[in-house]
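Structural features, examined
What follows is the residue order along each chain.
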Amino acid sequence: MVKPIRDTDGPRHVAVIMDGNGRWATQRGRPRLFGHHAGAKRVREIVQACPDLGVKYLTIFAFSTENWKRTQTEVAGLMSLFRRYITMEARALCDQNVRVRFIGDRVRLDKKLVGLMDELEQMTRGCTGINLTIAINYGGRDEVARATKRLAQDVAAQRLDPENVNEETLPKYLDTYVLPDPDLVIRTSGEARISNFLLWQSAYAEYEFIDTLWPDFSAEEFQGLINNYAGRERRFGAVSV
Ligand code: IPE
Ligand code: IPE
Ligand code: MG
């Protein structure tokens, strides 16, 4: 039986929907990409804050499977920003002992970007500090669909008996198979929706929807949300004792 817990140790895995870059730029009369660049700079501060806050896993939503609907200029600008971010941050991430992983479907991403993603994953393979997972071309439904396809292939090849499929089986096929489920999901920019992020994994996550736009999100505000989490009681369907 799972006992209700008051998680005074704080969240081990925090997932963040980094939203509001476009509005932040518009408020300043600047193009949306200006906001994305400002947003990328914030990531470093939040990653650096994790060890002191006891956060072992940080998963950030950078580009969704739905974000292709944006203008070609914005999409191309974001892809170029991801390439630049990886190139510029790789050394610092290694030095901070950060293990980087990417989730999402790589098939639609350009080869140069995928090459840089693979390289950074390889470079940080031996890092034992925090686990940073970056979701690019990620959608929860797409992830479950891709997982189901591979599961069905294993059944067809008789590597898996359908009788043995249960709640533990599907997560092994998800992009996040090596990660624990998120304890806390934060969304910035005032929208109270999850926009297809970690659908399966967040079934019992705690949520924080805050008004701050992502480029204004600070380590102090992050710490405040981590502290709030410690006061919550996670019952997992059981009754408070
Ligand atoms: C989040 O900021 C970053 C991405 C989705 C890539 P937005 O670009 O969605 O910013 P708003 O929501 O338009 O302000
Ligand atoms: C969610 O933000 C995706 C990322 C933060 C990468 P969106 O701005 O794309 O979500 P919607 O369109 O407001 O639901
Ligand atoms: Mg948005």
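Below you will find a few notes about this structure. (Residues numbered from 1 in each chain as written. Chains lettered and ligands numbered in written order. Predicted model: local features only at pLDDT ≥ 70, side-chain atom pairs only at ≥ 80, totals over all residues. Heavy atoms only, no water.)

Structural notes on empty space enclosed by the protein
For clarity, the threshold we go by: Each cavity reported here is a set of points on a 1 Å grid over the protein atoms alone in which a 1.4 Å probe fits but cannot get out, each pocket an open set with protein on both sides within 12 Å along at least five of seven lines, and each lining residue one with an atom within 4 Å of a point. Grid points are joined across faces, edges and corners, and a volume is the space filled by probe spheres set on the points. Note on residue classes: Ala, Val, Leu, Ile, Met, Phe, Trp, Tyr, Cys and Pro are nonpolar, Asp, Glu, Lys and Arg are charged, and everything else, Gly too, is polar.
Counted by the stated rule, this structure contains one cavity of 30 Å³ or more. Lining the largest cavity, in full, are H13, T176, L179, P180, D181, P182, L198 and Q201. Grouping the constituent residues of the lining of the largest cavity by class yields four nonpolar, three polar and one charged.

Focus: unusual backbone geometry
Put simply, the test is: Segments assigned H or I by DSSP are reported as helices when at least four residues long, segments assigned E as strands when at least two residues long, and all are numbered from the N terminus.
Of note, the phi angle at Q158 is positive, near 60°, even though the residue is not glycine. Assignment of secondary structure puts Q158 in the loop between helix 5 (140-156) and strand 6 (184-187).

Section: the site of ligand 2
Our working definition: Near residues are defined by distance, with any heavy atom within 4 Å of the molecule or strand qualifying the residue. A 3.5 Å cut-off defines polar contacts: any pair of N or O atoms within that distance qualifies, except that in protein one atom must be a possible hydrogen donor and the other a possible acceptor, and neighbouring residues in sequence count only when both atoms are side-chain atoms. Accessible surface area values rest on a Shrake-Rupley calculation with a 1.4 Å probe, where residue burial reflects the displayed protein chains alone.
Neighbouring ligand 2 are I17, M18, D19, F61, A62, F63, N67, R70, R187, R193 and S195. A distance of 3.2 Å separates an oxygen atom of ligand 2 from a polar atom in the side chain of D19. R70 places a side-chain nitrogen or oxygen 3.2 Å from an oxygen atom of ligand 2. Bound to the protein, ligand 2 loses 78% of the 380 Å² it would expose on its own.

Some words on the packing of helix 2 (residues 32-53) against helix 6 (residues 219-230)
Our working rule: Inter-axis angles, ranging from 0 to 180 degrees, are taken between N-to-C directions of lines fitted to C-alpha atoms, where helices are fitted over the stretch in contact. When an angle is under 35 degrees it counts as roughly parallel; over 145 it counts as roughly antiparallel; between 65 and 115 it counts as roughly perpendicular; any other value is oblique. The sense of a crossing depends on the near helix, which, turned anticlockwise from the far helix by less than a right angle, makes the crossing left-handed and, turned clockwise, makes it right-handed. Any two residues whose heavy atoms approach within 4.5 Å are treated as being in contact.
It is the contact of helix 2 with helix 6, at a shortest axis distance of 10 Å, that shows an interaxial angle of 40°. When the axis of helix 2 is compared with that of helix 6, the two are oblique. Crossing angle aside, the handedness with which helix 2 passes helix 6 is right-handed. Facing helix 2, whose interface residues are E45, I46, A49, C50 and L53, helix 6 presents A219, F222, Q223 and I226. Partitioned by chemical class, the residues of the contact of helix 2 with helix 6 number seven nonpolar, one polar and one charged.

What about the environment of R99?
Cut-off, in case you're wondering: For every residue, the accessible area obtained with a 1.4 Å probe (protein chains only) is divided by the maximum for its type, and the residue is called buried under 20%, exposed over 50%, and partly exposed between those limits.
Tracing the sequence through the fold places R99 in strand 4 (residues 99-103). A relative accessible area of 22% means that R99 is categorised as partly exposed. It is 8.6 Å that separates the C-alpha atoms of R99 and M123, two residues lying 24 residues apart in sequence. When near neighbours in sequence (up to four residues on either side) are disregarded, R99 contacts T124, R125, C127, I130, N131 and L132.

Description of the nonpolar core
Selection rule: Throughout, nonpolar core names a set of buried Ala, Val, Leu, Ile, Met, Phe, Trp, Tyr and Cys residues whose side chains join them through atoms within 4.5 Å.
Residues V14, L58, L132 and F222 are the most contacted members of the largest nonpolar core, which totals 47 residues. Take this core: its biggest share by element is nine residues, from helix 3 (residues 72-95). Counting 10 residues, the second largest nonpolar core, distinct from the first, contains F61, I103, Y138 and F197.

Thoughts on the pattern of salt bridges
Rule in force here: By definition here, a salt bridge exists when the distance from a side-chain nitrogen of Lys or Arg to a carboxyl oxygen of Asp or Glu is within 4 Å.
What the rule picks out here adds up to 20 salt bridges. Notably, a salt bridge pairs E208 with R232, separated by 3.3 Å at the nearest N-O pair. Note that E208 is positioned in strand 7 (residues 206-209) and R232 in the loop between helix 6 and strand 8 (233-234), a separation of 24 residues in sequence. When its relative accessible area of 21% is taken as the criterion, R232 is described as partly exposed. When salt bridges with common partners are traced through the structure, they connect D19, R23, R187, E191 and R193 into a single cluster.

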